[in-house]
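# Coordinate analysis (summary)
Residues per chain are reported as follows:
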Amino acid sequence: MTDLNQLPNDNVLSVKALSVRLPKGMERSHAVQEISLELKRGEILCIVGESGSGKSVTASTVMGLLPDAMVVERGQIHFGGRDLLQLPEKERRALRGRAIAMVFQDPLSALNPLMTVGDQIEEVLINHKIGDPASRRAKVLSLLGEVGLPDPALMAKQYPFRLSGGQRQRVMIAIALALDPDVLIADEPTTALDVTVQAQILELIKDLQRKKGASVMFITHDFGVVADIADRVIVMEKGRVVEEGTAREVLGNPAHPYTQKLIAAVPRLRETAAEDKAEAAPILQVKNLQKTYRSKSGLWGQERVVKAVDDISFTLRRGETLGVVGESGSGKSSMGKVLMKLIEADAGAILLDGQDIRPMTEAQFRPLRPKMQMIFQDPFASLNPRLSIGTSMTVGPIAHGMDRAQAQTTAIALLERVGLGRAAFDRYPHEFSGGQRQRIGIARALMFEPEIIIADEAVSALDVSIQAQVLQLLAEIQAERHLAMIFITHDLRVASQICDQVLVMNKGRVVELGPPMQIFRNPQEAYSRQLVEAIPGKSF
Amino acid sequence: MSTASLPLAPKTGFWHNRAVKRFRSNLLAKIGLFMVVALTLACFVGPYLLPYDELFIDVRNRFAPPLTGGHIFGTDPLGRDIAARLFHAGQISLMVGFMAMIISTVIGTVVGVVAGYRGGWIGAVLMRLVDAFLAFPAIFLLLVLAAFIKPSPLMITFIIAITSWMEVARIVEAEVKTVRERDYVMAARSLGLSSSWIMFREILPNVIAPIVVAATLTVARSILMEAYVSFLGYGIQAPTPSWGNMLNGAQQYLIQAPWMAIVPGLAITIAVTGFNFIGDGLRDALDVRSQKK
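A quick note: this is a predicted structure, and the numbers were derived from the prediction, not measured.

Across its full length, chain A holds 20 helices and 20 strands. On C-alpha atoms alone, chain A measures out to a radius of gyration of 26 Å, which is about the 24 Å that the 2.2 N^0.38 rule sets for 540 residues. Dimensions along the principal axes, computed over C-alpha positions, put chain A at roughly 70 × 55 × 45 Å. Within chain A, the proportion of its 540 residues that are buried is 45%.

Spelled out as structure tokens, the structure:
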């Protein structure tokens, strides 16, 4: 499928039949196998794939930053008439940053916390022996301005912890652009960011690419992002390129079954209204809920007060799904934990079946815990690595008086229900993939036959195809058992698909509460409108 | 809808566990393990293979140098076989070291887990108690206590234990504080499990690695401490032999019979370095941050 009509000098970078071997004992022998790709001058090439598809390994190989455990077996990477893989390390280092630069996923861990932003940009210039102190200072300021940071002179003196996630990523981009590279490799640069910030960063990358004529290799798992930014797309699966073409071809008319499957799994804004469940009986009523975090730095330090949950009220009915959407720091997770009484609320009422659980002590509330269960975000952190799945699932019910044999039968039945089978009962968490663990988390929450399930970003850590399966499972189970669900998420597309009501949160407050059709098609408040605007790939 | 056919990863056996592999590939750790196993075997099996027991007095062979008259390590001024006394003393010294380790690790773990999980004023009180114990110089505390209490091996064990549990408590408290915030602890709370279950069944297994490391190093330190106190004459009293009081008995004959000091000195050195090597090896093997292959 490679385009043979292109002139060879039109390619800035070309990878030919590259294979990278993985250490023994991994799930497959090669991270990438026989992949070939070309990056043309002045284009944005998106490499899309799920986790483990080899997209990041491809980027690291081009940068020459492969971990020691991985070995390039064969292949060539042509850049500027030379094969990068044949160059000695010293020459490759000179090219890194100057000719090929990289932007990483997590801007907080990629920046040195003990250096000011300005020094970190200047460091690149010093290392490549460019300019004198005065000209370097000027360059730093102009770079900071270019990436859209306000007041560059002040910004240069800041330490990374003072900046927001979006600002940090802008600094990373400024560092990458410091030496005017020909190729910019961006490895999931917006995955750790909120949607509104993501939209701004994508706009910035597109803008800079147009202005500077750089070629961008953009790695992502999100087809929405691809739709917004890509000129050409490469789809990878298990270390191989399965499809390649212009963005319009691949997104509009995918040829390979894997691409078709991926695109079908991308969550989209729902077009039809959900059926009305307003006549069902309320199971949970929340009134004027408040939670404030106070932290003091040092003995005389100023007290920092953060209102995580500020005067929130809503009603959840049986069988209904309430979506809670918001950006990071909006207080949506805190609210979930306050409702579960994992954190004590400061004021307000939480009426569970008409009974206020907020003032209850842990001992009073313990018998009621089975009614409300939680599914956590990180499937790797929510299962105790030292307990077998069976133990994790049965301890709770046994502690609440269920007979051991019955708990086991229930657990096995539920494991079968979530698609894992009885063999999972005696296994340990590390033997499962992320999606499988999330199924276990769901099965565990169902052990008590709860009336309410609070799912905190339950599918955010999963690949799209797995995400679609888990959402499907949740919807089926909810319908079977007539559960009420509070679905906390930052992904508005997911929320629009499964929710009957959507609550938009910002800085601890309710911005807007209404049915998804109102929130997503006709948002009343400025903030919800801004959120909906920022959803990537709306056109597609 | 997917069914029961989702593939599972294969089980990994004990010998292929990554930590075990790392430990096995660590030369010093293997040497340490060999030293400790050899010494323990010698002390507990050796006495049955020797022609003399530790109290038999061979009058004709007083001050016999090593390898004379069937005495592989020679004899002392009374004509007692040093090898027999060394192995017998080793049983006591190693037992004191092990028991002190077990007692101090249990105390330290309980205090650390409770302080780390409860936090608040309970945690503050417990950790200030740790600070208070640390403020005493351990050796002087040991000597003072030994002066008041009749120093039997059991008493020495207790005294060593109560002066060496603080390190474990501090390590465990810090670990528990980070594990406490994990989602699976939240999940356990939301299942309505009791605090003691969460502390000792959910959290404790996840902080076991640093405890094992600290415990191994505590054995080495306890053996050294016992030897030190017994050498000064406040520890285990003759005729019960221990490596420390064997050294004490040897000091006046350093010129005539240097082997009397060298033999128990070597035993102490082997035991202490052996346990330290194992401890360091375990630290490297269990620390997930040191991901060497």
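With that settled, the discussion passes to the sheet that holds strand β4 (residues 71-79) of chain A. Hydrogen bonds between backbone atoms are what pair the strands of a sheet, whose relative direction is either parallel or antiparallel. All names here are of chain A. Pairing is antiparallel across the open sheet formed by four strands, whose spatial order is β2-β1-β4-β5. In the strand order of this sheet, the two ends are held by β2 (30-40) and β5 (82-83), each with one partner. Where β4 and β5 come together, two bridges link them in antiparallel fashion. Paired with Phe79 across the strands is Arg82, a residue of β5. Running at roughly 115 degrees to strand β1 (residues 11-21), helix α1 (residues 55-63) makes contact with β1, β2 and β4 of the sheet.

Now for the nonpolar core. Grouped together as the largest cluster of nonpolar side chains are 230 residues, with contacts concentrated most on Cys46(A), Ala174(A), Met217(A), Phe218(A), Val226(A) and Phe487(A). It is helix α3 (residues 82-118) of chain B that contributes the most residues to this core, 16 residues altogether. For this core, the two domains that each supply at least three residues are domain 1 (44-50 + 92-265) and domain 2 (317-344 + 365-533) of chain A. Excluding residues that lie within four positions of it along the chain, Phe218(A) makes contacts with Ile44(A), Leu45(A), Cys46(A), Ala186(A), Ile229(A) and Ala230(A).

Turning to the interface of chain B and chain A, a few remarks are in order. Contacts between the two partners involve 22 residues from chain B and, on the opposite side, 29 residues from chain A. Looking at the side of chain B that touches chain A residue by residue, the classes come out as 11 nonpolar, six polar and five charged.

Let us now look at the UniProt feature "domain: ABC transmembrane type-1" (unreviewed entry) in chain B. In the numbering used here, UniProt assigns the "domain: ABC transmembrane type-1" (unreviewed entry) feature to residues 90-279 of chain B. Between the end C-alpha atoms of residues 90-279 of chain B there is a gap of 20 Å, over a span that is 79% helix and 0% strand.

This part takes up the UniProt feature "transmembrane region" (unreviewed entry) in chain B. Residues and elements named next belong to chain B. UniProt records the feature "transmembrane region" (unreviewed entry) at residues 27-50, 94-117, 129-149, 155-172, 203-224 and 257-279, using the numbering of this structure. Helix makes up 86% of residues 129-149 and strand 0%, and the two end C-alpha atoms of the span are 23 Å apart. Counting secondary structure, residues 203-224 comes out at 82% helix and 0% strand; the distance between its end C-alpha atoms is 32 Å.

Here we take up the environment of Lys40(A). All names here are of chain A. Within the secondary structure layout, Lys40 lies in strand β2. Overall, Lys40 belongs to the partly exposed group, with 18 C-beta atoms counted inside 10 Å. Expressed as a C-alpha distance, the spacing of Lys40 and Gln355, which sit 315 residues apart in the sequence, is 65 Å.

Further remarks concern the domain arrangement of chain A. By a frequent convention, interface size equals the accessible area lost on bringing the separate parts together. Residue and element names in this part refer to chain A. Per the domain assignment, the segments of chain A are domain 1 (44-50 + 92-265) and domain 2 (317-344 + 365-533). Taken residue by residue, the interface counts eight residues in domain 1 and nine residues in domain 2. At the level of elements, α8 (195-212) and α11 (257-265) are the ones that each hand at least two residues to the side of domain 1 that touches domain 2. Residue composition of the side of domain 1 that touches domain 2, by class: three nonpolar, two polar and three charged.

Residue and element names in this part refer to chain B. Per-residue confidence for chain B averages 82 on the pLDDT scale, and 92% of its residues sit at or above 70. Averaged over each element, pLDDT in chain B is lowest for helix α1 (residues 18-24) (77) and highest for helix α7 (residues 166-180) (91). Here residues 1-6 is a poorly scored stretch, pLDDT under 50, and it has 11 contacts once near neighbours within four places are set aside; other chains count. Confidence metrics for the complex model read pTM 0.77 and ipTM 0.72.

Reading the values: rules and limits
- Along every chain, residues carry numbers that run from 1 in the direction the sequence is written.
- By the order in which they are written, chains take letters starting at A while ligands take numbers starting at 1.
- Local features in this predicted model are restricted to residues of pLDDT 70 or higher, and side-chain atom pairs are both shown and tallied only at a pLDDT of 80 or more, whereas totals for entire chains, interfaces and linings draw on every residue.
- The helix count covers DSSP runs of H or I at least four residues long, the strand count covers runs of E at least two residues long, and both are numbered beginning at the N terminus.
- In this treatment the radius of gyration is a C-alpha quantity, and the globule benchmark scales as 2.2 Å times the residue count to the 0.38 power.
- Exposure classes come from backbone-placed C-beta atoms, where a residue is buried if 20 or more other C-beta atoms lie within 10 Å of its own, exposed if 12 or fewer do, and partly exposed in between.
- In short, DSSP must find at least two bridges between two strands for them to pair.
- This entry defines residue contacts through backbone-placed C-beta atoms, with two residues in contact when those atoms are within 7 Å.
- Helix axes are fitted only over the stretch in contact, all axes being lines through C-alpha atoms; the angle between N-to-C directions runs from 0 to 180 degrees.
- The term nonpolar core refers to a group of buried residues, namely Ala, Val, Leu, Ile, Met, Phe, Trp, Tyr and Cys, whose C-beta atoms join them within 7 Å.
- Domain ranges listed in this record stem from an automatic or a database domain assignment.
- Note on residue classes: Ala, Val, Leu, Ile, Met, Phe, Trp, Tyr, Cys and Pro are nonpolar, Asp, Glu, Lys and Arg are charged, and everything else, Gly too, is polar.
- UniProt positions are given in the numbering used here, feature names are shortened, and annotations may be inferred rather than shown by experiment.
- A residue's pLDDT is the predictor's confidence in that residue, given on a scale from 0 to 100.

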